[in-house]
Structure formats: C-alpha cells, structure tokens
Amino acid sequence: MFPVVNNTLLWKILVYFLSVALLSPLISLLLISFGNTHGLWTHLVETVLARYVMNTILLMLGVAALSSVFGIFTAWIIARYRFKFSKVIDLMMLLPAACPAYLVAYAYTDFFEYAGPIQVILRNLMSWSSPSEYFFPEIRSLGGAIFVLSSVLYPYIYLLARTAFRQIPESLLEITSLYNKSSFWKLGLPIARPAIVAGVALVCMEVVSDFGTVEYFSLETLTLGIFNVWIGMNSITAAAQLATFSFIFIIALLILEIKSRYGRRFNDTSRKQRRPEILNLKGTKAFFCCFICLLPVSFGFLIPISILLSNALGGLSWPSILESFVILKNTLLVSFVGSLTVMFIATLCVTVSKITDDKKLQVFSKLSATGYAFPGTILAIGVIITVGYFDKIFLLFDFTNSNSTFYISGSLFVLIFAYLIRFLAVGYGAILSGLEKTSPNLIWASRTLGISFSGTITKITLPLIRPSIIAGGVLVFVDIMKELPMTLLLRPFNFDTLATHTYQFAHDELMSEASLPALMIILAGLVPIIFLNKILRSNYK
Amino acid sequence: MLKFKIPTFFAFLIFFANLAHSAEVNIYSHRQPFLINPFLEAFSNKTGIKTNVVYSTKGLAQRLKAEGKNSPADLILTVDIGRLYIYQDMGLLASISSLKLDKNIPSHLKSIDNTWFGLSKRARIIVTSKERVPVGSIKNIEDLSDPRWKKKICSRPGSHVYNRALLASIIAEHGLDKAEIWAKGLVSNLARRPQGNDRAQVKAIYHGQCDIAIINNYYFGKLKYSEDPDQREWAKSLNLVFPNQAKSERGAHVNISGGGVAKYSKNKVEAILLLEFLTDPTAQKLYGDINFEYPVNPSINASEELKSWGSFKEDKLPIDKIAKLSGEAQKIIDRVGW
C-alpha cells in the first residue's frame, strides 16, 4: 500500500544495522543454547518439562480468557454509553496498568493466605481452628496467578477494544437495530476482533515473560523452570535451551498479532462516516454499568493499593520517605531516557521499513522487537554478553592502550540498551498502528513535489503520527518504571530504582518496608497513564 | 536536533560511570544492601576506603564473566556455598594469599585453592509448634519423612538454595537413593504446596496451617526481635530443634555466607582488606548481633542471644562437597516435586 521510494538505501542500511544490534542479545542466547548439557535435557523431559509447558499453557489461556472478560465488556459499556461518572470510570479502567503484577501478588498473598486477615477473621467468626475444617481457595496457585495477572493486564485489551468500538460507523449500528440483533454480539465483537486479538497476544507475551508473580506463587512455568535449571543445576546452557524452547510460544503469539493487524488494516481518508451516537443511561442501568466497570478496577488497583497503603502506614519513618524520594529521582531519569531512546529507534525502524515497503526489513525489525516476551533476567544475560563483545571490539580500536577508562559494561548505557531491547515492541506497536491510519497518498504527494525521503518523514509522517509516538512513549515510560529483573542485574554500582529498592525487602517478605516504595512506583505511574488517556481521547474528537 | 542530543547524553552516562577511581572496593552482592551496609560502613570508617554495591539475587556471575577483563567488580559476596562454588567453577575468582584469612577461617569453610572464604555460618534447623508438637518427638532431619507427620510440615520450594544444600548434605550422608526416598516422604507430609520463604513458614505454624518447618536459624532471631509485634508472637509459638545432635549423628547442616576476590579486580589490595576485616573480631561479632549468624572465626564466641538458643554440633562435611552435589539434589527435587 505504501509507494516504493528510491534513494533510501542509506536509511535502510541504518535500520538493518540497528536491527542486527538489537537482535544480538537474542542471538547470544541462541549460541549459548548450542552448548553441551551433559544429559540434563533428558532429565528435564523425563521429569519437569511437561509440567512447565502445561502450567505455562494453562496460565496463558486462563489469563487470556479472564482479562478478555475484564477488558471487553467494560470497553463496550464505556464506548457506547454515557452515565454518571462514566468519564472518571473510563480513566480508572487504565489505572491497573501502573501496578506491577508481582507487587499485586505480594499484596494479595498477604491478604488472602491462610495466615492473612481475611481467613483469620473468617476463622474467628466461624470458630474454625484448622485448615481441614473449611475450604478457601489457595491464593498461591494457578488460579491465583490467573486472577492477579488478569487484573493488571486487562487494560491492554480494554484500550484496544475501546478504540475499535468507538470507530464503529453509526450506519452499521442502525442496521443491527433495524434487524433487531444484538449490537454487541453481532456487530461490535466481530468488528473489534482483530484489535482484541492483538491485545490478547500482548497480554500473553507478558504472561510468558512474567517471573515475579510465578516465583512468588511457586507456580512452575517455563520461566520459573529456566531459573531452576540455571541456578539449581548451574547450567546456563540448559536454561538458554529452555528459553529458546519458550520462544516457540512467542513466535506463535507474534504471528497471531501480525495476522490480526492485517485484519484491521484500513486507510481512513474520508471523514464523512458518522461517528456512533453515545447513549445516555440513568437509574439502575447506570448503576449496573458502574458496578461492572468497577469490578476489574477494584481487583487490579483499588484493593491491592489499599492493602499496600495500610502496610506502608505501619512502617513509615522520615528516613525511609526521604530515601524513597532520592530513588524516585533515579527511577524517573532512567525511565525518561529509556522511553525517549525506545521511541526514537522504534520510529526510525517502523517508518523506514514501512515507507520503503521493504518486506524483509519489516520482518527483521519485527523480530528485533521480540525481546518483549523473554524473561527479563535471561534477556539481561544476552545483553551482558553482547555488551561484553562490544567492549572487546572497542578495545581493538584503543590504540593508546588506556583501556581501563573506556568501556560500557557496568554503565547506565547497558541498562538503556536492555530497556531498548525489551520494550521496543511496545513502541513499535504504537507507531505501527499510527502509521497504518495515515494515508500513503500524502507521502506520494510529498515525494512527487520533490521533497527528499528524510524531508518527507520529518515534515509529513512524524507530525501525523505524533500522538502515537507520545502514547507509545508513555507506555514504555511506565513499563521501565515497573521493570525489575533486568534493572536488578544490569544497573551500575549504588544505583537503585523504586523497583529494585522494593525488591530487596519484598524478597525477604518484609511487607511493611516494601510497601512504601511499591506505592510510589504505582503513584508515579498514574500521572503518565492519565496523560496518555487524554491524548487518546483527544484523538476521537 | 534530538538526534545529536541523544549520543551526547550517552557519552555523559558512560563518562560518569567510569569516572570514580580513588581508593574503593566495588562489590557484587547476592545479599541485600540493608543487611551488609552496617559492615561496609564500619569498614569505610576504619580504613577510609569507599565501597560501591550492586545487589542482585541472580545472574551476577554471568555478568562478571561477560564483562571479563573490563569488569569493575572487585569483591563478590554471597549468602550460600552454591553460588560461591559457581564463581569458582567458572574461574571468576582470584586465588589470594592472606595469613589473616588463613588464621581466621577454619579449613572446611574455605576453598582449597584460596578463591572463596566463608564469613559466617547459618544452621538449617527445625522449628515446631510449642502447642502441637511434643518436645523430643523430632530429633533428626530424617524424622521429617515419617508418615506420622502427614499434612503437618510446611516448606519453601525445594529448589531454593537453602533446601537444595540441605538435600545435598543428606545425599552426602546416605547416598542418592536414600536421599530421594527421604525427599519423597517429606513431600508427602507437606500441609500445602511448597511456597514462600522461611519467614512465611513460621507464620503458617503460628496460624495453625502446619506444625513443623525447616528454617535458617537467623530467621528465628529476626522474628523474635522484629519491630512488628505480630512477628514477635510468631517466634514465641516455636520450639527450636537442632537436628542430628546424638553422639552417633553427624550434626546439624550448616551453610555459609562468604566471599571471594574477582579475578580481574583492579583494587585487589582493598578487596582483600575488606575480606580480612569481615573475619576480624569486630565484624564477626556484628554477624551475630545484626543477623543472628554464627562466627566462622574460632576465636570468637557466638553472641549471647545465639548461645541462649542452645549449643549445637555442626555437620563438618567440607562445604564444597555440598556445592558439588547440588546438581544431583536439584534432580531429586524435580523428580519428587518438592
């Protein structure tokens, strides 16, 4: 659909080069996995592999189903109806996106486990005294993990579904009502399906890569297995093999996501289509809608944040507050620089590969964004190895022999590079969807008028996709702020982010010490999310 | 515009990261900063040498290896023998000679090639509910596989380093087959799926979910003196059992926290100074006072608090034997689903 533009060779080479650099950590992992494991693989197949795969699949299916339920119905309500507080609720729907899943898992475990307040109160009320006397669902279980992950991940589906529902033309809605069919089941759901599938694929990738929640719940997924093999059997080779194996899941999800994008590809050049009318609701119906929407918000945000708040108040002291603010500054700095870098590279890769319509380049840059679905620590190892090679290459050019002063290992650069590899997919997706809505005619016109390729990009494309760039940047910003495993391993000396600071306490199950920095992660993530919602809303008007 | 600013920014990042180069020790730590900071502060106050820390539970050995000669790290600190052994196994540690370390650390708690050194000891002990388990009914770690305790035991996952090391010590004593039978018996006695850390097991005993758990001894101290009144109550509900104490028995399994100097350290002198400092009486006492661990230095007595829990005989199995068996232990753990 995009015109083939000449004189773009240099740009293409640049993007090829970038893609290779971004792929190199994944390639390093692949290379490790070719090593000898001395029969470990047989042991894995005989004992735990089936369990790992089964748990991973069940977790993925469960989260996909529950987060769809959370995201789709609420998106329909908000997209189609107006009622008291509907605008506030729309905003609140996104708040769980600021909550890292592992923190929500900590909070819920503390609350719902046998020794937690809920069960203690129950036992006191009913004068039960041992676990055999009653049934209460175990929070540290597959079901618990599905619940926790769905509660924080549904906003991905909600956001995409809401946008799709809002773009349904009024004429189609009129037809469904004319035939007396359900506008949700017969029209909304089919039209929004590609968007929903894309959202579900994103959610599933998050699930595959999750370590914090499954570790805390001792749920033996592939990701947890990778760590058992690596740390327990001292075999990074077998761990890399397991990681490569789980890559199959990632590729499957990626294909799903790409296919769903093809399904919703359109160039909206006419503005004549009437936007659907938003219906007013009052009374019980309005109350019912409020209630439905508030359920997932409560699960993913209101309840966990209340638990954290009550924990934090218990262990509050001035030194701990001051310390948290210093760390907050660090966190904001890396998140800002990281998201800026991600969006810059993502914009470059997507615009060049898309506008030149180079299919190979598109596949290449898409592949380089698969870091998103790798477990963070494993990806971090790929990053370290790659950076180690970079340093060795730099040394080759170091003719002055002052080699002790210039290397990137252990600097903030490594961390930023790691964020780039991990979160490129987020920026990539945002920009791609923005670009697909712009018409290629404009680029044709610009090129026909003799404007250079780079001139066209800066004058035409970038201004058009600016909202997408900002939206993607905000998402990446929040993601980096929540990121734990890579930051933990790759950071420079004496450098803490809120996530790593929280972890050192949470790792020891010291909930009252962990709760304050945990709350700050969430609160600091709220601002960009509210901002993001503003941008997205102004797009419809 | 933006294009030019970003590379400049990175140049700054790299510049600052490599700027500092006065007397200092750069530490890769598997131990949480809030636990090692008191030691490091005492060291800095005494010597004027600055310390810098990166803390991570996982992956630091891989980081050190990948960084190779360019690594800024000088000293590695870990909380168990398994991880120390991995560093040694990957050839990441320097062999150092220090009369002081030789004198302060008994030989079964350090490596033969002088690459790693034990700095404190922790015993893996059994705790039982005061209310529900009669004193004396559990004597040995082997007793935990007795069907009598069906649905009575809580445990953190077997694949955690502390449990893996414990199982390795049982393999060393009884051989692979018997160790597996023991592990299977233990798993069939569990009151709930293995989960949580040692602290969480005690909490479960207090609330009646189970009656017996295996914990590292210092957790008991941490709970007993916790700022949180609830946790102090948990500790009160427990009896401590140092396992395998009879004359014919091997003693309780102990693990070490320890450290070693990085092979390509650029501050070796300072790093060795810090290691030596950690085995000196001041620091050795601090291990007991702050974290309820036992000193490795034979000239130092355990703290009064630790003594009040009772004296015990420790398993003198060379600590690196445990590390070598850890792979086999993990395989058993996978098979029995601990």
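Residues numbered from 1 in each chain as written. Chains lettered and ligands numbered in written order. Predicted model: local features only at pLDDT ≥ 70, side-chain atom pairs only at ≥ 80, totals over all residues. Heavy atoms only, no water.

**Some remarks on the overall build of chain B**
Inclusion rule: Put simply, DSSP marks the helices as runs of H or I at least four residues long and the strands as runs of E at least two long, and each gets a number from the N terminus on. Only C-alpha atoms enter the radius of gyration; for comparison, a globular chain is expected to reach 2.2 Å times N to the power 0.38, where N is the number of residues. The buried label goes to any residue with under 20% of its type's maximum accessible area, the exposed label to any with over 50%, and the partly exposed label to all in between, with areas taken from a 1.4 Å probe on protein chains only. Whether two residues are in contact is decided by their heavy atoms, any of which lying within 4.5 Å being enough. Computed with the Shrake-Rupley method and a 1.4 Å probe, the accessible areas treat only the protein chains shown as cover for residues.
When you go through chain B residue by residue, the secondary structure sums to 15 helices and nine strands. The C-alpha atoms of chain B give a radius of gyration of 21 Å, which matches the 20 Å a tight globule of 338 residues would have. On the principal axes, the C-alpha backbone points of chain B span a range of 70 × 50 × 45 Å. Evaluated residue by residue, chain B yields a buried proportion of 63% over its 338 residues. Expressed as a percentage of contacts within chain B between residues at least 6 apart in sequence, the contacts between residues at least 24 apart total 78%. Counting only carbon and sulfur atoms, one obtains 56% of the accessible surface of chain B, whose full area is about 13,300 Å².

**Here we look at the pairing of strand β6 (residues 212–216) of chain B**
Among the five residues of β6(B), five are classified as buried, and the element is accordingly described as predominantly covered. Along β6(B), one buried face is formed by B:Ile212, B:Ile214 and B:Asn216 and the opposite face, lined by B:Ala213 and B:Ile215, is buried too.

**Observations regarding helix α5 (residues 101–112) of chain A**
Residue and element names in this part refer to chain A. We apply this condition: Multiply 1.5 Å by the residue count of a helix minus one, and that product is the helix's expected span.
Across its twelve residues, α5 extends 16 Å between first and last C-alpha, which sits within 8% of the 16 Å expected from 1.5 Å per residue. Of all twelve residues making up α5, ten are buried, and the element is well covered by its neighbours. The complete set of buried residues in α5 reads Ala 101, Tyr 102, Leu 103, Val 104, Ala 105, Tyr 106, Ala 107, Tyr 108, Thr 109 and Asp 110.

**So, the interface of chain B and chain A**
The test is simple: Accessible area that two parts lose when put together, with a 1.4 Å probe and added across both, is what the buried area reports. The salt bridge criterion pairs a side-chain nitrogen of Lys or Arg with a carboxyl oxygen of Asp or Glu, the two atoms within 4 Å. Between N or O atoms, a polar contact is any pair within 3.5 Å; within protein, one atom must be a potential hydrogen donor and the other a potential acceptor, and residues adjacent in sequence are included only when both atoms are from side chains. Polar here means any residue outside two lists: the nonpolar Ala, Val, Leu, Ile, Met, Phe, Trp, Tyr, Cys and Pro, and the charged Asp, Glu, Lys and Arg; Gly therefore counts as polar.
If you look at the interface, chain B gives 59 residues, while chain A gives 65 residues. Across the interface of chain B and chain A, roughly 5,700 Å² is buried in total on both sides, 58% from carbon and sulfur atoms. For the chain B face of the interface with chain A, the top three residues by lost area are B:Lys58, B:Asn70 and B:Asp334, together amounting to 12%. The interface formed by chain B and chain A contains three salt bridges. When the shortest N-O distance is used, the salt bridge between A:Asp110 and B:Lys203 registers 3.3 Å. Taken together, chain B and chain A are joined by 18 residue pairs in polar contact (both at pLDDT 80 or more). For the side of chain B that touches chain A, the element with the highest residue contribution is helix α1 (residues 2–17) of chain B, accounting for seven residues. For the side of chain B that touches chain A, a count of residues per class yields 22 nonpolar, 22 polar and 15 charged.

**With respect to the domain arrangement of chain A**
Residues and elements named next belong to chain A. Rules: Note that the domain bounds were set by an automatic or database domain assignment.
Segmentation of chain A into domains returns domain 1 (1–21 + 315–541) and domain 2 (37–98 + 141–266 + 277–303). The centre of domain 1, based on its C-alpha atoms, is set 22 Å off from the matching centre of domain 2. For the pair domain 1 and domain 2, the two sides together bury roughly 3,300 Å², of which 67% comes from carbon and sulfur. Inspection of the domain 1/domain 2 interface yields zero salt bridges. Our enumeration of links across domain 1 and domain 2 arrives at three residue pairs in polar contact (both at pLDDT 80 or more). Listing elements by their share of the side of domain 1 that touches domain 2, those giving two or more residues are α15 (359–367), α16 (376–396), α17 (412–437), α19 (453–482) and α22 (511–540). By residue number, the principal contributor to the side of domain 1 that touches domain 2 is α22, which donates eleven residues. In the side of domain 1 that touches domain 2, the residues fall into 18 nonpolar, seven polar and nine charged.

**A short note on the packing of helix α3 (residues 49–80) of chain A against helix α9 (residues 183–209) of chain A**
Residues and elements named next belong to chain A. Stated precisely, the cut-off is as follows: As a rule, the C-alpha atoms of each element are fitted with a line to give its axis, helices using only the stretch in contact, and angles between N-to-C directions run from 0 to 180 degrees. Any angle that is under 35 degrees is reported as roughly parallel, and any over 145 degrees as roughly antiparallel; angles of 65 to 115 degrees are reported as roughly perpendicular and all others as oblique. Here is the rule for handedness: rotate from the far helix to the near one, and if that takes an anticlockwise turn smaller than a right angle the crossing is left-handed, while a clockwise turn gives right-handed.
As a packed pair, α3 and α9 sit with axes 9 Å apart at the nearest point and diverge in direction by 135°. On the basis of the axis angle, α3 is oblique to α9. Classified by chirality, the crossing of α9 by α3 is right-handed. Taken together, the residues of α9 that come into contact with α3 (itself represented by Leu 59, Met 60, Val 63, Ala 64, Ser 67, Ser 68, Ile 72, Phe 73 and Trp 76) are Ser 183, Phe 184, Trp 185, Gly 188, Leu 189, Ile 196, Val 200, Val 203, Cys 204, Val 207 and Val 208. Residue classes in the contact of α3 with α9 are distributed as 16 nonpolar, four polar and no charged.

**Considering the packing of α5(A) against helix α13 (residues 283–314) of chain A**
Residues and elements named next belong to chain A. Running from amino to carboxyl end, α5 crosses α13 at an angle of 70°, the nearest separation of the two axes being 9 Å. Our classification of the angle between α5 and α13 gives roughly perpendicular. Along the contact surface, α5 presents Val 104, Ala 107, Tyr 108, Asp 110 and Phe 111, while α13 presents Ser 298, Phe 299, Gly 300, Ile 303, Pro 304, Ile 307, Leu 308 and Asn 311.

**Remarks on the confidence of the model for chain A**
Residues and elements named next belong to chain A. Put simply, the rule is: pLDDT is defined as a per-residue confidence score from the predictor, taking values between 0 and 100.
Averaged over every residue, the pLDDT of chain A is 83; the share at 70 or more is 93%. Confidence scores differ between elements of chain A, with helix α12 (residues 236–263) showing the lowest mean pLDDT of 78 and α3 the highest of 92. Counted against residues more than four places away or in other chains, residues 266–270, with its pLDDT under 50, gives eleven contacts.

**Observations concerning a nonpolar patch on the surface**
Applied cut-off: Each patch is assembled from residues with relative accessible area greater than 30% and no salt bridge, linking like charges that lie within 9 Å and nonpolar side chains (Val, Leu, Ile, Met, Phe, Trp, Tyr) that lie within 5 Å.
Taken together, A:Leu172, A:Ile175, A:Leu178, A:Tyr179 and A:Ile191 make up a surface patch of nonpolar side chains, about 520 Å² in accessible area. Relative to the assigned elements, A:Ile175 resides in helix α8 (residues 170–178).

**Focus: the domain arrangement of chain B**
Residue and element names in this part refer to chain B. Domain annotation for chain B reports domain 1 (2–121 + 256–302) and domain 2 (123–252 + 318–336). Each of domain 1 and domain 2 has a C-alpha centre, and these two points are 29 Å apart. Between domain 1 and domain 2, the buried area comes to about 1,300 Å², and carbon and sulfur atoms account for 72% of it. Of all residues in domain 1, the largest losses of buried area upon contact with domain 2 belong to Ile 81, Tyr 85 and Phe 292, amounting jointly to 40% of the total for that side. Applying the counting criterion to the domain 1 and domain 2 interface returns zero salt bridges. For the pair domain 1 and domain 2, the number of links is two residue pairs in polar contact (both at pLDDT 80 or more). Elements that contribute at least two residues to the side of domain 1 that touches domain 2 include exactly α4 (81–89) and β4 (116–129). Per element, the largest residue contribution to the side of domain 1 that touches domain 2 is three residues, and it comes from α4.

**With respect to the side chain of A:Ser339**
Residue and element names in this part refer to chain A. As for its placement among the helices and strands, Ser 339 is situated in helix α14 (residues 318–355). A polar side-chain atom of Ser 339 sits 2.8 Å from the main-chain carbonyl oxygen of Ser 335. The contact partners of Ser 339, leaving out residues within four places of it in the chain, are Gly 473, Val 476, Phe 477 and Ile 480.

**Description of the state of the cysteines**
Filter applied, for reference: Only a pair of cysteine sulfur atoms within 2.5 Å counts as a disulfide in this structure description.
Considering all chains together, one arrives at one disulfide over all chains under this definition. Residue B:Cys154 pairs covalently with B:Cys210 via a disulfide, S to S 2.1 Å. Classification of the bridge connecting B:Cys154 and B:Cys210 rests on its S-S torsion, roughly -110°, and on that basis the disulfide is left-handed. Here B:Cys154 is found in strand β5 (residues 153–154), whereas its partner B:Cys210 is found in the loop between α8 (198–206) and β6, with 56 residues between them in sequence. Here the two residues B:Cys154 and B:Cys210 agree in accessibility, since each one is buried. Left without a disulfide partner, A:Cys290 is nearest to the cysteine sulfur of A:Cys293, which lies 7.2 Å away. Residue classification places A:Cys290 among the buried positions, given a relative accessible area of 14%.

**With respect to unusual backbone geometry**
All names here are of chain B. The backbone phi angle of Asn 114 is positive, close to 55°, even though this residue is not glycine. Assignment of secondary structure puts Asn 114 in the loop between α5 (99–104) and β4. Judged by relative accessible area, which is 21%, Asn 114 ranks as partly exposed. The phi dihedral of Asn 244 falls on the positive side, at around 55°, and the residue is not glycine. Under the relative-accessibility criterion, Asn 244 is labelled buried at 1%.

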